[in-house]
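Letter by letter, the chains look like this.
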Amino acid sequence: MQSWADEQLAALRPYYPEWDIWIVCCWPNNTVWCARPKGAPIATINTDSPEHLIEEIRRQQQDGL
């Protein structure tokens, strides 16, 4: 059974094929949403929600990162 976060992650990935997107579940109940442009060595985005992840991806794309 997929969690809400897993479902959100699966829904986001097709919209951003040029990005690696994943979540990190932290104890006790925190989830960090992470992303990096494909091929980048480290995450360039770490946020607290899928909505903030989308905002940051758009910002970085506009800035040409």
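Here the structure is shown first, and the text comes after it.
Just so you know, these numbers come straight off a predicted model, no measurement behind them.

Asks: Explain the nonpolar core to me, please; I cannot follow it from the model alone.
Replies: Within soluble globular proteins, side chains that are nonpolar generally end up buried alongside one another. Counting residues in hydrophobic clusters, the biggest one holds 12 residues: Ala5, Leu9, Leu12, Tyr16, Trp19, Ile21, Ile23, Trp33, Ala35, Ile45, Leu53 and Ile57. Among the secondary structure elements, those contributing two or more residues to this core are α1 (4-12), β1 (19-26), β2 (30-37) and α2 (50-63). In contact with Ile45, other than residues within four places in its own chain, are Trp19, Trp33, Cys34, Ala35, Leu53, Glu56, Ile57 and Gln60.

Asks: Looking at this structure, I do not really get the packing of α1 against α2. What am I missing?
Replies: For any two helices packed against each other, one specifies the crossing angle of their axes together with the interaxial distance. Orientation of α1 relative to α2, taken along the N-to-C sense of each, is 25 degrees, at an axis distance of 11 Å. Here α1 is positioned roughly parallel relative to α2, judged by the angle of their axes. Crossing of α1 over α2 shows right-handed handedness. Every residue of α2 that contacts α1 at Trp4, Gln8 and Leu12 is listed here: Pro50, Leu53 and Ile54. A breakdown of the residues in the contact of α1 with α2 according to their chemical character gives 5 nonpolar, 1 polar and no charged.

The rules behind these values
- Residues numbered from 1 in each chain as written.
- Predicted model: local features only at pLDDT ≥ 70, side-chain atom pairs only at ≥ 80, totals over all residues.
- Heavy atoms only, no water.
- Core = buried A, V, L, I, M, F, W, Y, C linked by side-chain atoms within 4.5 Å.
- Buried < 20%, exposed > 50% of the residue type's maximum accessible area, 1.4 Å probe, protein only.
- Helix = DSSP H or I, 4+ residues; strand = E, 2+ residues; numbered from the N terminus.
- Contact = heavy atoms within 4.5 Å.
- Axes fitted to C-alpha atoms, helices over the stretch in contact; angles between N-to-C directions.
- Parallel < 35°, antiparallel > 145°, perpendicular 65-115°, else oblique.
- Left-handed = near helix turned anticlockwise from the far one by under 90°.
- Nonpolar A, V, L, I, M, F, W, Y, C, P; charged D, E, K, R; others polar.

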